[in-house]
Number of protein chains: 2
Amino acid sequence: MIRGKADVAKKRILILGGGFGGVYVAVHLGKMLSRAELEGTEIALVNRDNYIVFQPLLADAISGSVELSHVIAPIRRMAPRAHLYTRDIESIDPRARTVTLSPGVRPTPLSLNYDHLVIALGTRLDYGKIPGMQEHASPFKYLGDALFLRNQLVRMLEEAEAERDPEIRKRLLTFVVAGGGFSGVRCIAEMNEFLREAVRVYHNIVESDLRLILLQRSDRILPEVTASLASFAQKLLAGRGVEIRLSAELKAVTANAVTVEDRRTHQTEVISTRTAVATAPAAPHPIVTALPLPQNNGRIVVDQTTEVPGWPQVWAIGDCAEIKQADGKISPATADHAMRQAKTCAQNIVASCRGASKRHFRFTGLGRLGSLGRRSAVAEILGFRFKGIFAWLLWRGAYVAKFPGLDGQLRVIADWVLDAFLPCDITQLRIFHEEAVHREHFEAGETVFANGDFGDKVYFIVQGEAEVERNGERVAKLHPGDVFGEAALISNQPRNATIRVSSQLDTVAVSRSAFQQLLIHLPGLSNAMQELMSDRIKVGEDLKDLVRKANSLAHDFSRTDRPR
Amino acid sequence: MIRGKADVAKKRILILGGGFGGVYVAVHLGKMLSRAELEGTEIALVNRDNYIVFQPLLADAISGSVELSHVIAPIRRMAPRAHLYTRDIESIDPRARTVTLSPGVRPTPLSLNYDHLVIALGTRLDYGKIPGMQEHASPFKYLGDALFLRNQLVRMLEEAEAERDPEIRKRLLTFVVAGGGFSGVRCIAEMNEFLREAVRVYHNIVESDLRLILLQRSDRILPEVTASLASFAQKLLAGRGVEIRLSAELKAVTANAVTVEDRRTHQTEVISTRTAVATAPAAPHPIVTALPLPQNNGRIVVDQTTEVPGWPQVWAIGDCAEIKQADGKISPATADHAMRQAKTCAQNIVASCRGASKRHFRFTGLGRLGSLGRRSAVAEILGFRFKGIFAWLLWRGAYVAKFPGLDGQLRVIADWVLDAFLPCDITQLRIFHEEAVHREHFEAGETVFANGDFGDKVYFIVQGEAEVERNGERVAKLHPGDVFGEAALISNQPRNATIRVSSQLDTVAVSRSAFQQLLIHLPGLSNAMQELMSDRIKVGEDLKDLVRKANSLAHDFSRTDRPR
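Rules of the game
- Residues numbered from 1 in each chain as written.
- Chains lettered and ligands numbered in written order.
- Predicted model: local features only at pLDDT ≥ 70, side-chain atom pairs only at ≥ 80, totals over all residues.
- Heavy atoms only, no water.
- Salt bridge = Lys/Arg side-chain N within 4 Å of Asp/Glu carboxyl O.
- Helix = DSSP H or I, 4+ residues; strand = E, 2+ residues; numbered from the N terminus.
- Buried < 20%, exposed > 50% of the residue type's maximum accessible area, 1.4 Å probe, protein only.
- Polar contact = N/O pair within 3.5 Å; in protein donor to acceptor, adjacent residues only side chain to side chain.
- Phe/Tyr/Trp six-rings, centres within 6.5 Å; stacked < 30°, edge-to-face > 60°.
- Contact = heavy atoms within 4.5 Å.
- Expected span 1.5 Å × (residues − 1).
- Arc of directions from axis to C-beta.
- Pairing = 2+ DSSP bridges.
- Axes fitted to C-alpha atoms, helices over the stretch in contact; angles between N-to-C directions.
- Patch = residues over 30% accessible without salt bridge, like charges linked within 9 Å, V, L, I, M, F, W, Y side chains within 5 Å.
- Areas by Shrake-Rupley, 256 points an atom, 1.4 Å probe, with all protein chains shown as cover.
- Parallel < 35°, antiparallel > 145°, perpendicular 65-115°, else oblique.
- Left-handed = near helix turned anticlockwise from the far one by under 90°.
- Nonpolar A, V, L, I, M, F, W, Y, C, P; charged D, E, K, R; others polar.
- Disulfide = S-S within 2.5 Å.
- Core = buried A, V, L, I, M, F, W, Y, C linked by side-chain atoms within 4.5 Å.
- Lys, Arg positive; Asp, Glu negative; His and termini not counted.
- Charge placed at Lys NZ, Arg CZ, Asp CG, Glu CD.
- pLDDT = per-residue confidence, 0-100.

This paragraph deals with the pattern of salt bridges. The final tally for this structure, using the stated rule, is 57 salt bridges over all chains. With a shortest N-O distance of 2.8 Å, Glu37 of chain A and Arg354 of chain A are connected by a salt bridge. With Glu37 of chain A in helix H2 (residues 35-39) and Arg354 of chain A in helix H11 (residues 335-354), the pair connects residues that are 317 residues apart, well separated along the chain. Residue class for Arg354 of chain A comes out partly exposed when judged on its relative accessible area of 47%. The shortest N-O distance in the salt bridge between Arg48 of chain B and Asp88 of chain B comes to 3.7 Å. Of this pair, Arg48 of chain B sits in the loop between strand S2 (41-46) and strand S3 (51-53) while Asp88 of chain B sits in the loop between strand S5 (83-85) and strand S6 (89-93), and the two are 40 residues apart along the sequence. Note on Arg48 of chain B: relative accessible area 17%, which makes it buried. Among the residues examined, Asp88 of chain B registers a relative accessible area of 33% and is labelled partly exposed. If you follow the salt bridges from partner to partner, you end up with Arg211, Glu243, Arg245 and Glu269 of chain A in one network.

What follows is the structure in structure tokens.
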């Protein structure tokens, strides 16, 4: 057991990324290296989390048919011979052969040198192109996303149950998923099942109030499989109540709506909703883009041994690598391929250590499998096509078999058995609270807040314009750099005006409690606010009063924002 | 089914609080009222969450022997005839007979009037008395607390695994629980089991590195049971590696240590730790304290029918009520008693509606049961005492039987069965990120940050003093109202000084990303910072540069802070 000693003499194989690619390189190296070799080598793996997310089951966590904590597997158990660093990566310097990791509890970054470097960082979500997507759409990639989404669904039911305004009820009960590939289809299928079962315990909601909409850019869903299987899936989902919009492009997202354009007619429609999920397009990892290695479309170009040409002992695999196979085809970005590449990579690192000759990567894939929710799926395996319950059993079997570790497999099976008999779990965990400082996007015509509302936030305009209305009349225009909404927070009165958005508007919103804290402690802010407010209305006394209450407020603040 | 119609003619029985008291009033009313009566009555229940936490199993969620989502039960299923409002309570006006609820998705508060009011709001945690407790100690009362604590334990193991400094390793691997009642004992017992099993997969940590300390104010643990059972529990815990400190009083908590005073010798000791759990004393709910009803020690005084004297049709039960029984004894604050009071309360509300005579509350309790972790417990039932494995089986049986709903019972049993065979779950869910604006407490002698550290936060002094050191020399003194730590955030360089605390220090800390956002958008702040910084060092260009980068930074900010 190593007890904090400096391992100067040890060789280090440094693997970046804890997806299927990175973890399986560590798993294979641990098995392939001899005992003596292992003693002289540190297999180091860097990943933000100490678990791997088993993506195919992530959607099951929405409906609760698999427990959230069961769709992940601990990397330390999968690769017991590897040293896991649960940190973010700050930078990679392939010339100096070092990688810098982010600080942990101690505010000091950690620097690791290496002999071999394996880059398996995958991709990131690409929010950049659609206004408001980053601020208001939920992604569906990480574990936290599934947890967030499940709670969001219950929250909407809870809110709709107490809501009397029919327009707002409709908005709360409309759910939009953008992206009609396997991931989006799985996601809306599980949302659909969960919601239709859950509404039964709500007194004021009936199933026909629910509206689930799937947006797909192209003219069919599931581009991963043949047209006939896709058509089967489409009919099945439609029969279960999911509205499918083809040739529909997401144009903007706000807290209250999505804007969709029909790509054939170029007409736009605004769908009122509080829940937009985007199975967003992938973008290269910014750390990968910054590397001096050969790249194509943001992917590191490697040879058939998975090594980077011209950079000996630097390897890249998985979604962040471009591997051209012998037949000239580029190995696709799937978990199956990443796992096979991991094996080739590990073999070649061992060969390189031993001075043996390297192998070429060769794998064409076995097929594609995708569940459509309870008791149905589509599959294409070795050229054969399957659909319905048989494909679904195949899907469950295949993915349980692939799940890392017998204990994990047993947990998943136990969940499926219990789920078949027990009612769905409708508890809403309020562990996500809104950031104290966050961005909000609005589209033209929307209302930021209305006269008489409770004052929950103050807004700073980053770009765009808005109008202040009192008694139905426009009294002022707001521009970038302007502040609004502070009066209700300082005076503790309801909003005294309505703010209507006149163009696309980007704001920074600060929550009530954070604003009150900042007002008291940030030099300059209190004066600036006092000036601003005396221009607008007379509430100077309230502001002074607020500053006097400094300590008691500060106290309340930390208490209220503690997660329960 | 009610579809948003105004229920003007309906009588409303409004129950505040979703603990055992409140929920069981709703359950009993749903059963006791006739079909006709139910049609003319709304049983309304207000609770922040849509579930009830089954407190006795909360500690099991730390070790993972019961899944976190299985220690709660959905209120909608338990009390299907009640209308649940998942909101916070803003105010109660017993003269106007209305209750105002906090806003939901819509920023508009909701006002409910009532015919009968049942107050079952329990108690709140009392952080007030110990410096730093609110900022740095984890409570152990709500579901989020158990989730937070479990992740905190894994995080400390992950950090210790990568840490080379022996002092810091020791701090990371020391865990302190304050409070030696059932709750604290259960909590440290489960933490102990989890940690001792989990360390096995860490290369650089051995079991003897772990230090778990239980602090108890009085001279014995478990005041709830007899001295001999308490002594059995104490020996058992000590044998399993828990250090028990008697007559030990918690005096202060910081991010890096707890200060403990020996009540016999009055000597204080500073224990270096990153994990302090406080099973904090209870305080009255502030909304209850503000009521014009008769109160004693923050509890509403009710008669033996659970009705408030002088306030007809206002009832109070559970921990927020003081009920004197026929024998003159005050009914203790336990779940058992709350459930029995709930039944009496429901019976008397029905009697009041029907004009029948009311009953008196009469219950003395059956006994006390407390688990000590795997295969041991202590119990006192109807005067008989049990300990060890028999008490433990009794404990499991009793609490499964009490768990609301057959589906919930099955889930708990399935968890226990799987837990007996499968290894513990060591995955760390990083869903809690630090608040952008939060308070931090320091004790004299501590270091806020050191020269060369990464700049992660800026601090504003609320009270207390600190010293700025450069090259070992004191160069400045900081006072309330002063700001420090802004330079490293604006210039993107490491800390250029060390901040040492010279008295108890309370600060408001703002995270790097939030500070950069605020700097760009908050009027006045940027100027104030520029003035401040030009006084201290020359980094004016950096600040201008930062403001130029406004939009890209703003963009990065929301991305980084998204929960994964």
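Still more to cover.
By the secondary structure assignment, Ser272 of chain A is in strand S17 (residues 268-272). Within polar-contact distance, the side chain of Ser272 of chain A engages the side chain of Arg171 of chain A at 2.9 Å.

Our focus in this paragraph is the packing of aromatic side chains. In this structure the tally under the stated criterion is 22 aromatic pairs over all chains. Ring centres of Phe449 of chain A and Phe484 of chain A lie 6.0 Å apart, and the angle between their planes is 45°; this geometry places the pair in the tilted category. Placement of Phe449 of chain A in strand S29 (residues 447-449) and of Phe484 of chain A in strand S33 (residues 483-484) is noted, with a sequence separation of 35 residues between them. You can call Phe484 of chain A buried: its relative accessible area is 2%. Taken together, a centroid distance of 6.2 Å and an interplanar angle of 10° make the contact between Phe20 of chain B and Tyr24 of chain B stacked. Here the residue Phe20 of chain B and the residue Tyr24 of chain B both occupy positions in helix H1 (residues 20-32), the gap between them amounting to four residues, near one helical turn. With a relative accessible area of 11%, Phe20 of chain B lands in the buried category. Take Tyr24 of chain B: its relative accessible area is 14%, and that puts it in the buried class. These aromatic residues form a ring-pair network of at least three members: Phe20, Tyr24, Phe54, Trp395, Tyr399, Phe403 and Trp416 of chain A.

All names here are of chain B. Position of Ala120 among the secondary structure elements: in the loop between strand S9 (116-119) and strand S10 (123-125). In sequence terms Ala120 and Val27 are 93 residues apart; their C-alpha atoms lie 14 Å from each other. Leave out the neighbours within four places in its chain, and Ala120 touches Leu16, Gly17, Gly21, Gly22, Ile317 and Cys320.

As a further point, take the side chain of His441 of chain B. All names here are of chain B. Looking at where His441 falls in the secondary structure, it is placed in strand S27 (residues 437-442). A relative accessible area of 1% means that His441 is categorised as buried. In terms of polar contacts, His441 uses its side chain to reach the side chain of Glu443, at 2.8 Å. Those residues in contact with His441 that sit more than four places away from it in its chain are Pro131, Gly132, Glu135, His136, Val253, Thr254, Ala255, Gln504, Leu505 and Asp506.

Moving on, we get to helix H9 (residues 227-239) of chain A. All names here are of chain A. The terminal C-alpha atoms of H9 lie 18 Å apart, and with 13 residues this matches the ideal 18 Å at 1.5 Å per residue to within 8%. For H9, the full list of buried residues reads Leu229, Ala230, Ala233, Leu236 and Leu237. For H9, the angular spread of buried residues about the axis comes to 125°, placing them on one side. Facing away from the buried surface of H9 by more than 90 degrees, the exposed residues are Lys235 and Gly239. At its buried positions, H9 is contacted by helix H8 (182-198), strand S14 (242-245), strand S26 (377-381) and strand S27 (384-388). The first or second residue beyond H9 is Gly241, which carries a positive phi of 100°.

Another aspect to go through is the sheet that holds strand S15 (residues 248-253) of chain B. Residue and element names in this part refer to chain B. Taken in spatial order, the three strands make up an open sheet running S15-S16-S17, and their pairing is antiparallel. Each end of this open sheet is capped by a strand with a single partner; those strands are S15 and strand S17 (268-272). The average angle at which neighbouring strand axes cross in this sheet is 30°, direction not considered. Pairing geometry for S15 and strand S16 (residues 257-262), over five bridges, is antiparallel. Bridge pairing links Glu249 to Glu261 in S16.

The mixed open sheet is built from three strands, whose spatial order is S20-S21-S23 (chain B). Of all strands in the sheet, those with a lone pairing partner are strand S20 (295-296) and strand S23 (321-323) of chain B, marking the two edges.

What follows covers a nonpolar patch on the surface. Together, Leu366, Leu382 and Phe384 of chain A give the surface a local cluster of nonpolar side chains, amounting to about 360 Å² of exposed area. Residue position: Leu382 of chain A is located in the loop between S26 and S27.

A separate point is unusual backbone geometry. Phi is positive for Thr306 of chain A, close to 75°, though the residue is something other than glycine. On the accessibility criterion, Thr306 of chain A (0% relative accessible area) is buried. With a phi angle near 50°, Ser247 of chain B is a residue other than glycine that sits in the positive phi range.

Turning to the packing of helix H1 (residues 20-32) of chain A against H11 of chain A, a few remarks are in order. Residue and element names in this part refer to chain A. Two numbers describe how H1 lies on H11: the axes approach to 8 Å, and their chain directions differ by 40°. When the axis of H1 is compared with that of H11, the two are oblique. Taken as a pair, H1 and H11 cross one another with a handedness that is right-handed. Contacts from Phe20, Gly21, Tyr24, Val25, His28, Leu29 and Met32 in H1 reach Ala335, Ala338, Met339, Ala342, Lys343, Cys345, Ala346, Gln347, Ile349, Val350 and Arg354 in H11. Residue composition of the contact of H1 with H11, grouped by class: 13 nonpolar, three polar and two charged.

Under the criterion given, the structure shown has zero disulfides over all chains. Note on Cys320 of chain A: no disulfide assigned, nearest cysteine sulfur contributed by Cys345 of chain A at a separation of 11 Å.

Counting 202 residues, the largest nonpolar core has Leu29 and Met191 of chain A together with Leu29 and Met191 of chain B as its most contacted members. Other than its neighbours up to four places away in sequence, Leu29 of chain A contacts Ile13, Ile15, Ile43, Ala346, Ile349 and Val350 of chain A.

Looking now at the pairing of strand S25 (residues 377-381) of chain B. Residue and element names in this part refer to chain B. With respect to burial, S25 is a largely interior element, four of its five residues being buried. From the end of strand S24 (residues 367-371) to the start of S25, which pair antiparallel, there are five residues, and Gly373 there has a positive phi angle of about 95°. Two elements, S25 and strand S26 (residues 384-388), share five bridges in a ladder whose sense is antiparallel. Each bridged residue has a counterpart across the sheet, and for Val378 the counterpart in S26 is Lys387. Here S25 folds back onto S26, and the loop between the two strands holds two residues, one of which, Leu382, carries a positive phi near 50°.

This paragraph deals with H8 of chain A. Three or four residues apart is the spacing at which side chains of an α-helix point the same way, because the helix has 3.6 residues per turn. Taking 1.5 Å per residue as the helical rise, H8 of chain A with its 17 residues ought to reach 24 Å, and the 24 Å between its terminal C-alpha atoms agrees with that figure. Of all 17 residues in H8 of chain A, 16 are buried, a share of seventy percent or more.

A cluster of basic residues, Lys31, Arg340, Lys343 and Arg359 of chain A, forms a positive patch at the surface. Looking at Lys31 of chain A, the relative accessible area reads 65%, which means it is exposed.

All right, on to the confidence of the model for chain A then. Residues and elements named next belong to chain A. Here chain A averages 87 in pLDDT, and 90% of its residues register 70 or above. Under a pLDDT of 50 for its full length, residues 546-564 has, in the predicted model, 45 contacts with residues more than four places off or in other chains. Scoring of the predicted complex yields 0.87 for pTM and 0.85 for ipTM.

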